[in-house]
Amino acid sequence: MVKSPEKVEDDHAREAGKVLASRQRAERRASFEFRALSTLPAALFVVILIVLLVRAWPILQQKSLVGLLLGDVWRPSEGQFGFLPFIAGSLWVTVLAMIFAAPVSILCAIFLSEYARPTTKALIKPLIDILAAIPSVVYGLWGVLVIVPWVQQSVGPALGRWFPFLPLFNSSNPTGYSILSGALVLAVMVVPFIIAISYEVMRTVPRGYHEASLAVGATRWQTVRYVVFPRVAGGLIAGVVLGTSRAFGETMAVLMVVGNNPIIPHSIFDAAYPLTALIANNYGEMMSIPLYDSALLASALLLMLIVLLFNVFAALALRRATAREQA
Amino acid sequence: MENHIQIRNLKVRIGSTEIIKNADINIPDGQVTAILGPSGCGKTTLLRSMNRFLDLTENSRVEGEVFLDGQNIYAPGVDVTEIRRRIGLLAQRPYSLPMSIYENVAYGLRIHRVNQSKNLKPIIRHYLELAGLWDEVKSRLSDPASALSIGQQQRLCLARGLALEPEVILADEPTSALDPISAQHIEGKLQELKEKYTIVLVTHTLRQARRLADHVVFMYLGEVVEQGPAREVFDNPQMERTKAYLQGSIG
Amino acid sequence: MKRMTRRHLEELIAQGLMFLSLALVAGSLGWILFTIIQRGAPALTWDMITKTPKGGFYMGKEGGVLNAILGSLYLALGGTVAALVFSLPISLGLNIYIPRKSRWALLVRSLLDVLWGIPSIVYGAFGFTLMLALGMRASLLAGIITLAFVELPIMVRAMDEVLRRMPRDLENASYAMGATRIETALRVVLPQMLPGLVTAVMLAFGRGIGDAASVLFTAGYTDRIPTSLMDPTASLPLAVFFQLSMPYPEVQKRAYAAALILTILVLLVSFLSRWISARLSRYSIK
């Protein structure tokens with residue numbers, strides 16, 4: 001039997017009314033669950049912080065913070081835990097890597113967002129994605145096979161010959177496993193990261209500003225320099241800071257090429273021992289030495305706090321940039 | 001009467017669409033030429049062909065010639081930035097640059113290094129007066145330009161363009177984003193400026209064209225349907241499509 | 001006709017530097033791939049990918065790295081599934097239930113940025129501590145949990161990026177018919193944004209396969225293929241790392257081969273992700 005249209009409409013209204021209650025129940029439950037789950041990142045962050053703090057507590061209680069951070073002797077078996085060589089190692093490698101990576105990345109980002117045609121862009125962007133996808137041990141292996149011998153055989157001797165008066169280029173380490181090797185590998189690793197952020201930032205500048213500048217006869221570069229840069233400077237700084245943070249935390253690739261010698265380096269050809277390598281090389285073993293484990297987790301805590309600091313700084317740089325934008 | 005800009009056999013394609021089909025246009029010297037037509041007929045593309053802004057449009061192809069004072073701006077070896085110095089543009093929406101009001105006007109001078117003197121203030125003042133903005137901003141020249149109202153920003157953009165002493169001003173619906181009072185202000189300025197400059201005005205309002213234009217180019221679907229002195233085209237259009245547009249049945 | 005003024009010179013120099021930078025970046029990529037293929041390909045035998053290490057493998061005798069290949073896949077798969085279970089609701093919640101500009105949303109996003117930036121070695125140390133506290137040994141499960149921590153912020157951030165681009169009109173069209181938010185989320189937002197979400201998952205999976213520092217302490221390393229979640233598990237990055245540190249050239253060559261396998265796997269994931277997302281996007285409203 002065929003129902004009349006009126007009957008169908010009545011039925012639909014009644015059915016909708018009946019299921020309404022259960023739909024509302026589902027909605028309330030989902031609302032609660034989704035909101036509850038959104039606390040998870042916060043919870044994870046707090047838990048990691050607390051766990052690291054608790055485990056680092058024994059050494060923080062027994063040694064002075066200044067002694068730990070500025071001590072330059074690392075002899076766990078004798079109870080001497082000076083982090084300075086590791087902090088210095090991380091800083092040297094990171095800063096040098098950023099000196100290589102930052103200008104190159106920003107220039108590439110400018111090219112991609114301001115100069116490249118769509119077809120060129122479609123060609124280059126996958127390359128950068130691939131560079132970002134390569135695992136860090138592969139970078140490390142490349143470093144061992146290519147960069148380390150290159151630094152050892154060519155770069156080291158050449159710079160030593162040309163600038164014998166510069167202590168920065170002095171070489172007392174003939175192996176090639178050095179800060180320079182670590183920094184070169186690290187630079188290639190963070191380039192795609194900084195390009196991605198800088199490119200995203202630069203794309204937010206409306207075309208109208210470019211046209212306003214080009215319309216009075218500015219060249220492209222003048223437009224980038226006087227119109228685009230002032231608007232994106234904060235974002236570019238944020239990108240570089242986040243890249244620095246990335247470089248600071250990179251472990252395997254650096255560990256494989258940097259030499260891992262706990263001394264305070266004085267030249268880019270010295271070996272260094274970054275914080276991340278300290279944890280990777282020693283954690284999980286040597287549990288019998290008192291405070292060793294606590295010292296390593298203290299260095300993990302230090303790494304985390306440094307990353308936090310970098311993030312806050314980047315967020316501030318971005319916020320200042322966007323605040324100026326809105327003014 | 002000289003033709004300041006002459007367009008010969010201009011064809012513009014963007015991607016696979018032909019936006020302008022074989023246009024021949026004369027833009028007389030020292031007059032306001034209004035380009036009219038329903039939206040999507042290629043008015044803005046035509047305008048952008050005159051300062052080589054189509055170079056910025058992806059996948060665009062330009063054939064034909066555009067002569068500025070007898071020099072083909074599409075000839076190889078022509079310096080685009082020099083062309084754009086000689087042809088000012090007043091865009092649909094004002095984009096003041098991320099710098100102070102003062103620096104906005106000085107921008108063109110600085111990039112072209114045309115006036116290297118330390119104190120540009122009298123020059124800046126002159127062009128701000130010419131654009132009718134001086135009295136409103138004279139006490140806050142170092143404020144960011146973004147603090148100005150949209151109408152003020154459009155006049156600032158006008159001052160910025162005028163500071164380079166262009167020969168031609170291209171105006172792309174320059175009042176469409178403005179409130180009526182600011183729009184009137186800009187229109188008044190264009191009225192004054194035509195004494196000195198050749199002005200090419202793309203407009204979507206027929207009444208504005210009637211008020212301002214000395215010469216009219218009517219376009220329809222990428223073709224130039226009719227062009228000539230404003231009075232002739234408005235009072236006695238020759239083509240059916242022009243009549244229909246003027247009566248409001250197309251567009 | 002074109003005069004060589006100072007600004008044109010500047011333009012030329014700037015463009016020159018840009019091309020140089022691009023060449024450096026592209027050149028590095030080419031150099032890396034070339035090195036890995038040149039060194040890895042000769043050592044990449046059928047045995048490498050079909051056999052587990054036999055006796056004396058680490059002195060150059062017979063065997064392969066199947067244990068590490070499968071271990072890596074298990075670890076990354078487990079970590080990705082675990083991360084997905086939480087990432088999807090968190091990112092949907094951030095875009096549908098929590099007002100986008102609210103302080104809470106801002107805080108959660110900032111914390112995700114921080115979590116995303118925490119080095120994986122720190123996650124490794126944290127995971128190891130957690131593992132000991134739970135009375136577990138280094139195992140597939142412990143590795144999966146640690147990897148899930150590493151992958152979670154990567155995935156949520158990528159998904160959030162995708163969901164933020166959701167056309168509001170489409171969402172409103174669903175609300176206008178009286179749909180609830182959960183119905184809109186599951187029936188409209190999810191299908192519409194599926195290609196992007198798949199890309200986000202694949203991105204995290206790719207990172208998971210390649211990450212060594214997080215599984216260094218937590219997954220253990222063994223020559224056998226794990227049969228339960230409690231077994232220790234080898235992984236490809238660590239296979240590269242350990243074999244490279246052996247003093248035998250035969251074993252080091254296998255490290256190159258393992259690195260080649262790892263690279264191929266990661267690139268495969270990357271291409272697959274593009275392909276799947278392109279296939280899926282046919283069903284999205286443009």
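One can find the structure itself at the top, above this paragraph.
Description of the structure in this document. (Residues numbered from 1 in each chain as written. Chains lettered and ligands numbered in written order. Predicted model: local features only at pLDDT ≥ 70, side-chain atom pairs only at ≥ 80, totals over all residues. Heavy atoms only, no water.)

## What about the sheet that holds strand E4 (residues 60-68) of chain B?
Each strand in a sheet pairs with another by means of backbone hydrogen bonds, the pair being arranged parallel or else antiparallel. All names here are of chain B. Across the sheet, which stays open at both edges, the four strands sit in the order E2-E1-E4-E5 with antiparallel pairing between neighbours. The sheet is open, and its two edges are formed by strand E2 (17-28) and strand E5 (71-72), each paired on a single side. Examined bridge by bridge, strand E1 (residues 3-14) and E2 share eight bridges and lie antiparallel to one another. Residue pairing across strands places Leu10 opposite Ala23, the latter belonging to E2. Those strands touched by helix H1 (residues 43-50) are E1, E2 and E4, and its axis lies near 120° from that of E1. (Pairing = 2+ DSSP bridges. Helix = DSSP H or I, 4+ residues; strand = E, 2+ residues; numbered from the N terminus. Contact = heavy atoms within 4.5 Å. Axes fitted to C-alpha atoms, helices over the stretch in contact; angles between N-to-C directions.)

## Focus on the interface of chain C and chain A
In this assembly, 75 residues from chain C lie in contact with 76 residues from chain A. In total, about 6900 Å² of surface goes out of reach between chain C and chain A, with carbon and sulfur atoms giving 79% of it. Together, Met18(C), Ile32(C) and Tyr97(C) form the three largest contributors to the area buried by chain C at its contact with chain A, with a combined 9%. Among the salt bridges present, the one from Arg23(A) reaches Glu183(C), with a minimum N-O distance of 2.6 Å. Linking chain C with chain A are 18 residue pairs in polar contact (both at pLDDT 80 or more). Elements with a minimum of two residues in the side of chain C that touches chain A: helix H1 (6-43), helix H3 (66-97), helix H4 (103-117), helix H5 (120-133), helix H6 (140-164), helix H8 (181-210), helix H9 (236-244) and helix H10 (249-280) of chain C. Here the side of chain C that touches chain A gets 22 residues from one element, more than from any other, and that element is H1(C). Per-class residue counts for the side of chain C that touches chain A are 54 nonpolar, 12 polar and nine charged. (Buried area = accessible area lost by both parts, 1.4 Å probe. Salt bridge = Lys/Arg side-chain N within 4 Å of Asp/Glu carboxyl O. Polar contact = N/O pair within 3.5 Å; in protein donor to acceptor, adjacent residues only side chain to side chain. Nonpolar A, V, L, I, M, F, W, Y, C, P; charged D, E, K, R; others polar.)

## Points about the packing of aromatic side chains
Under the defined criterion, the tally for this structure stands at 24 aromatic pairs over all chains. Note on Phe193(A) and Trp116(C): the rings are 5.5 Å apart at their centroids and 35° apart in plane angle, and the pair reads as tilted. Of this pair, Phe193(A) sits in helix H7 (residues 179-203) while Trp116(C) sits in helix H4, on two different chains. Side by side, Phe193(A) and Trp116(C) carry an identical accessibility label, which is buried. Centroid distance Phe128(C) to Phe217(C): 6.2 Å. Interplanar angle 65°. Geometry classified as edge-to-face. Linking Phe128(C) in helix H5 with Phe217(C) in the loop between H8 and H9, this pair joins segments that are 89 residues apart in sequence. Look at Phe128(C) and you get buried, because its relative accessible area is 10%. Aromatic rings pair up to connect Trp74(A), Phe81(A), Phe83(A), Phe86(A), Tyr273(A) and Tyr292(A) into one cluster. Sitting over the ring of Tyr115(A), Arg220(A) keeps its end group 5.6 Å from the ring centre. (Phe/Tyr/Trp six-rings, centres within 6.5 Å; stacked < 30°, edge-to-face > 60°. Buried < 20%, exposed > 50% of the residue type's maximum accessible area, 1.4 Å probe, protein only. Lys NZ or Arg CZ within 6 Å of the ring centre and 35° of its normal.)

## Examining the packing of H3(C) against H9(C)
Residues and elements named next belong to chain C. Two elements in contact, H3 and H9, have axes separated by 7 Å at closest approach and are oriented at 140°. Taken together, H3 and H9 sit at an angle that is classed as oblique. When H3 is examined against H9, the residues Ala68, Ile69 and Ser72 are found in contact with a partner set consisting of Leu236, Pro237 and Ala239. Classifying every residue of the contact of H3 with H9 by side-chain character gives five nonpolar, one polar and no charged. (Parallel < 35°, antiparallel > 145°, perpendicular 65-115°, else oblique.)

## Remarks on the interface of chain A and chain B
Counting residues at the interface gives 21 residues for chain A and 22 residues for chain B. For the pairing of chain A and chain B, the buried interface totals around 1800 Å² over both sides, and the portion due to carbon and sulfur atoms is 64%. Of all residues in chain A, Glu211(A), Ala215(A) and Val216(A) bury the most surface against chain B, accounting for 29% of the area lost on that side. Ionic pairing is found between Arg48(B) and Glu211(A), a salt bridge with its closest N-O pair at 2.9 Å. Counting across the interface, chain A meets chain B through five residue pairs in polar contact (both at pLDDT 80 or more). Among the secondary structure elements, those contributing two or more residues to the side of chain A that touches chain B are helix H8 (207-215) and helix H9 (220-249) of chain A. Across the side of chain A that touches chain B, the residue classes tally to 12 nonpolar, six polar and three charged.

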